[in-house]
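Inside the fold
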Amino acid sequence: EEYRRDPSTTQEHRNRDFSIENVGPEGKISISGLGVDNEFLNVTINEKTRHYEGDNFWYELEGETSKGDPFWLQIESINPYQLNCGNEEVDFNSLGISTRDLEMYHVGDKSFSLEGEDFNLESGGEAQVYASNSEDDEDFRWYRYWNFTTAEGDVYLTVQQVENSTPEATVSYPIELSQLKIFELGIDVE
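Residues numbered from 1 in each chain as written. Predicted model: local features only at pLDDT ≥ 70, side-chain atom pairs only at ≥ 80, totals over all residues. Heavy atoms only, no water.

1. Describing the overall build of the protein
Of regular secondary structure, the protein possesses 2 helices and 11 strands. Going residue by residue from the N terminus, the α and β elements of the protein occur as α-β-β-β-β-β-α-β-β-β-β-β-β. Relative to its 190 residues, the protein shows a buried fraction of 44%. When the accessible surface of the protein is summed, it comes to about 10900 Å², and 40% of that surface belongs to carbon and sulfur atoms. (Helix = DSSP H or I, 4+ residues; strand = E, 2+ residues; numbered from the N terminus. Buried < 20%, exposed > 50% of the residue type's maximum accessible area, 1.4 Å probe, protein only. Areas by Shrake-Rupley, 256 points an atom, 1.4 Å probe, with all protein chains shown as cover.)

2. Describing the packing of aromatic side chains
Counting across every chain of the model gives 10 aromatic pairs. Note on F112 and F119: the rings are 5.4 Å apart at their centroids and 15° apart in plane angle, and the pair reads as stacked. You can call F119 buried: its relative accessible area is 3%. Of the aromatic side chains, those joined through ring pairs into one cluster are Y52, F57, Y59, Y130, F140 and W142. Between K48 and the ring centre of Y59, over which it is positioned, the NZ or CZ distance is 4.5 Å. (Phe/Tyr/Trp six-rings, centres within 6.5 Å; stacked < 30°, edge-to-face > 60°. Lys NZ or Arg CZ within 6 Å of the ring centre and 35° of its normal.)

3. Re the pairing of strand β8 (residues 141-149)
Here strand β7 (residues 117-131) pairs with β8 via 9 bridges, running antiparallel. Within β8, the residue paired with A127 across the bridge is Y143. Judged from the 7 bridges that link them, β8 and strand β9 (residues 156-162) form a sheet pairing that is antiparallel. The residue bridging Y145 from the neighbouring strand is Q160, located in β9. What sits between β8 and β9 in their antiparallel hairpin is a turn of 6 residues, with G153 showing a positive phi close to 75°. (Pairing = 2+ DSSP bridges.)

4. Concerning the environment of V107
With respect to the helices, strands and loops of the structure, V107 is situated in the loop between α2 (99-104) and β6 (110-114). Counting along the chain gives 40 residues from V107 to N147, while the straight-line C-alpha distance between them is 9.5 Å.

5. Re the pairing of β7
In this sheet, β7 lies alongside strand β2 (residues 39-53) in antiparallel orientation, the contact comprising 4 bridges. When the sheet's bridge partners are listed, Y52 is paired in β7 with Q128. In the sheet, β6 pairs with β7 via 4 bridges, with the strands oriented antiparallel. Residue F112 lies in a different strand from β7, and its bridge partner there is F119. What sits between the antiparallel neighbours β6 and β7 is a turn of 2 residues, in which E115 has the positive phi angle 50°.

6. Focus on a negative patch on the surface
Taken together, the side chains of E88, E115, E117, E152 and D154 define an acidic patch exposed on the protein surface. Looking at the element boundaries, D154 is found in the loop between β8 and β9. (Patch = residues over 30% accessible without salt bridge, like charges linked within 9 Å, V, L, I, M, F, W, Y side chains within 5 Å. Salt bridge = Lys/Arg side-chain N within 4 Å of Asp/Glu carboxyl O. Lys, Arg positive; Asp, Glu negative; His and termini not counted. Charge placed at Lys NZ, Arg CZ, Asp CG, Glu CD.)

7. Focus: the environment of F18
The residue F18 is located in the loop between α1 (7-12) and β1 (28-34) in this model. Note on F18: relative accessible area 32%, which makes it partly exposed. Put simply, F18 and E184 are 166 residues apart on the chain and 8.5 Å apart in space, counted from C-alpha to C-alpha.

8. Regarding unusual backbone geometry
Phi angles above zero are rare outside glycine, and N38 is one such case at about 50°. Mapped onto the elements of the fold, N38 is located in the loop between β1 and β2.

Right, here's the structure in full:
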């Protein structure tokens, strides 16, 4: 199924730029040339979250592909955009590392190998996440994160741990703005 822009939504959103940071729940986007298989995905957005780490912030759009697979897109550094997205979860235990290992790594360290690729720690820290349906500035969760990348920078792996839960690992791929098409902005949220 290929999305088509609905002309009736253009009037409704005339006060909002048709840009990726303005997409919210019920928005529809497509992405071409994703990952090593150059996939084409149609995605319906279900959730938009805001993430803060000190003065730095970024958005994440979570949704579902037309095949029913989970999907997320991270939007950093508005102008120029830094975008990465994915829909592949990895079992944290399959990485062969522990939460103690995560705490010991330094930026640039070779950390682990996965499917023949070596991953190095690129960044890490603690952030707050706010859901799009949250109306209370005190309604957020803290989480820790570690971002890893291959030497070529063509595959990312992010580990996130909310409070004392089991860490979750996700593979994602950097994309260019030119790979994105927006068909519907969806609900207007910050």
